[in-house]
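Observations on the model geometry
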Amino acid sequence: MNKIILLDEKMISKISAGEVVERPASIVKELVENSIDASSKNISIEITNGGISYIKVLDDGIGMSAVDAILAFGRHATSKIKTVDDLYNIETLGFRGEALASISAISKVTLKTKEENELYGTLIKIDGGKIKEKNKCGCEKGTAIEVYDIFYNTPARRKFLKRPSTESTYITNLVSKMCLSHPNISFKYIKDKKLELVTSGDGNINDVILRLFGKDLYSSLIFANYESEYIKVNMYLCKPSFNKSNRNMQMLFVNGRYVKNKVYNIAIDEAYKTLIPRNRYPIIITYLQISPKQVDVNVHPSKMEIKFSNEKEIFEIIYKTIKKGLAKTNLIPEVKSKNNFSVTMEKEDINNGEQTKIIHSEYMNYFPSSKDSIKSGNKDLLPQEVYERENVDVLKSGDYEIYEKNINKNRDYKIVGTLFSTYIIIERKDAIYIIDQHAAHERILYEKYMSEYNKVQGKQTTIPILINIEPGDMEILSENENILRKLGYKYECFGDNSIILREVPIILGQPESRQLFIDIIDRLRDNNFSHNINLKEENIIMMACKSAVKAMDSLSDDEIYQLFNDLKITESPYTCPHGRPVIISIKKYELEKMFKRVM
Ligand code: ADP
Ligand code: MG
């Protein structure tokens, strides 16, 4: 029995339609891109029921003649010239003039379009790929395409759609990206009859970010940039306290196109390492201008995934630009009376309508230019001595005491005390700073230990410590011998199931050495560490710091002062090595608001 049959035209059109039109968001994407290609200045996007029942994209672009309006729905019908090595074409290449054909094959479409100097426009209605009506009509210059009942004739595909609210979210995210990549176009977005968003189209990216994501995120932005002969990078970074549980808000626009790139993500992870908790992702919007020749086009177009020909260099540039931006900025999260006192804020609601606000001019001043953020430096971070820390470094140890006494007199902050044996309260000018002493101590030890570790000096002899081990542990220990040695451990076998520790890392006091080593073996045994050797080392160091910190309890004023000084000279005083905040601030003004002294 023959099993193979030849598909008819109708079937073919449905199958290939499936490739291009995956979901309502892909239709919106195709239509909006067509509007952009048609040199529109204003584009309005309207959806109902997650776009499943209705999508309308209206533009004021060049429009189509009556003849073109029919041709546009034909397969492989395109007015666009494309060159293969042009990045611009990476996404459209895959569709080869097929979008309108594919969309009209699986839905009901109404098109109205008019060219600038024509008296009449053209109206076309198509159901499932068949033209039902073609007429003259009165309309403005431009094109309006309405799409009804997606997949009405392919129920199997319709089943794969998610809930309308989820499909809406896809579209909202897409619209955000369109707005960010084309700040010169004014977008209007209407969802279920409600106006969600309007952008001005005046070319100002700051303005778009403010309208899309609201003023909280906007006022936490840091600008960083880089420019060389062939590459230009503009980055809008968020302070680490703004982070998300996924990478949706790590956007990359290459030559004006939204794309995805693995190296970009890795560079971000590296740059924010220890500044945010694990499995959280910072918010970053990056614009990269590069010669299209440096972009590998040999990647699947619909996935938007691209490769750079020199990925290593791109990594370096992204990594260093972020580092530069963060280093020049006060990263202390500020507690505001409105934001529920949550410090590691989960801005999951970033894309919902609430955040879509019309611009307020007062916020325009918040956005620091790159020059400003460099100039302001760590100014608000810690007392004046931060800036003088270079001076501290050059002093000889004997001078230090004298220097300190000076400093004490001129200190511009006051140690108020400690709360719950955990939080140090400091008052300075118009703000209070709350420091988690354990997190601070952990950060200090971590950096100290990391640098010692790299110099391989960190061990001390100890009284012999006998540790019982489980069968198989000896093998684990010998596999990791190099790391443990480097950390400062020296041990030898003692019978079949015990070892004797003879040297331990210098940073640990005696009482903790034993338990920490047992914990390290436990985690090595359970395969709980990364297989990446550097990460493994870091993890062990983090554990070491944590166990050292546990022992610390209430501190005297002198100890607090010392801790504070030590913290100041760390590279990242804002978070512990696990990415939790070390220091937060509350402005006096916020307290006054809470107590209703000001309204
Ligand atoms: P492609 O965009 O790859 O050319 P499409 O199927 O998306 O293929 O569109 C087919 C053609 O229809 C386009 O090349 C363009 O000439 C015309 N077209 C589509 N949408 C618009 C629009 N909004 N304004 C003007 N012309 C349009
Ligand atoms: Mg197109």
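Now for a description of the structure that goes with this document. (Residues numbered from 1 in each chain as written. Chains lettered and ligands numbered in written order. Predicted model: local features only at pLDDT ≥ 70, side-chain atom pairs only at ≥ 80, totals over all residues. Heavy atoms only, no water.)

Details of the sheet that holds strand β13 (residues 257-259)
Let me state the cut-off plainly: Pairing between strands requires that DSSP locate at least two bridges from one strand to the other. Strands here are runs of E lasting at least two residues and helices are runs of H or I lasting at least four, both read from the DSSP assignment and numbered beginning at the N terminus. Axis definition: a line fitted to C-alpha atoms, over the contacting stretch in the case of helices. Angles run 0 to 180 degrees between N-to-C directions. The contact criterion used throughout is that any non-hydrogen atoms of two residues lie within 4.5 Å.
Across the sheet, which stays open at both edges, the five strands sit in the order β9-β10-β15-β12-β13 with mixed pairing between neighbours. Edge positions in the open sheet fall to β9 (221-227) and β13, since each of these has one partner strand only. When the angles between neighbouring strand axes are averaged without regard to direction, this sheet yields 20 degrees. Relative to the sheet, helix α7 (residues 164-181) contacts β12 (250-254), β13 and β15 (284-290), its axis offset from that of β12 by approximately 45 degrees. Relative to the sheet, helix α10 (residues 311-327) contacts β9, β10 (231-238) and β15, its axis offset from that of β10 by approximately 45 degrees.

Some details on the nonpolar core
Keep this limit in mind: Nonpolar cores were defined as sets of buried Ala, Val, Leu, Ile, Met, Phe, Trp, Tyr and Cys residues, with membership established by side-chain atoms within 4.5 Å. Each residue gets one of three labels from its accessible area relative to the maximum for its type: buried under 20%, exposed over 50%, partly exposed in between, using a 1.4 Å probe on protein chains only.
Core analysis: the largest hydrophobic core is formed by 60 residues, its most contacted members being Leu180 and Ile209. For this core, the element with the highest residue contribution is helix α8 (residues 205-219), accounting for eight residues. Discounting chain neighbours no more than four positions away, the residues touching Leu180 are Val208, Ile209, Leu212, Phe213, Met251, Phe253, Ile285 and Tyr287.

Structural notes on the sheet that holds strand β8 (residues 194-198)
Spatial ordering of the open sheet is given by β5-β4-β3-β6-β2-β1-β7-β8, a layout of eight strands whose pairing is mixed. The sheet terminates laterally at β5 (130-137) and β8, the two strands that pair on one side only. Recorded for the sheet is a direction-independent mean angle of 10 degrees between the axes of neighbouring strands. Pairing of strand β3 (residues 108-114) with strand β4 (residues 121-127), which is carried by six bridges, proceeds in the antiparallel orientation. Its bridge partner being in β4, Thr110 is matched across the sheet by Lys125. Contacts from α7 reach β1 (42-48), β7 (186-191) and β8, with the element oriented near 170 degrees to β7.

Thoughts on the environment of Ala101
By secondary structure assignment, the location of Ala101 is in helix α5 (residues 99-105). For Ala101 and Ala72, which are 29 residues apart along the polypeptide, the C-alpha to C-alpha distance reads 7.5 Å. Here Ala101 is in contact with Phe73, Gly74 and Arg75, once residues within four sequence places are set aside.

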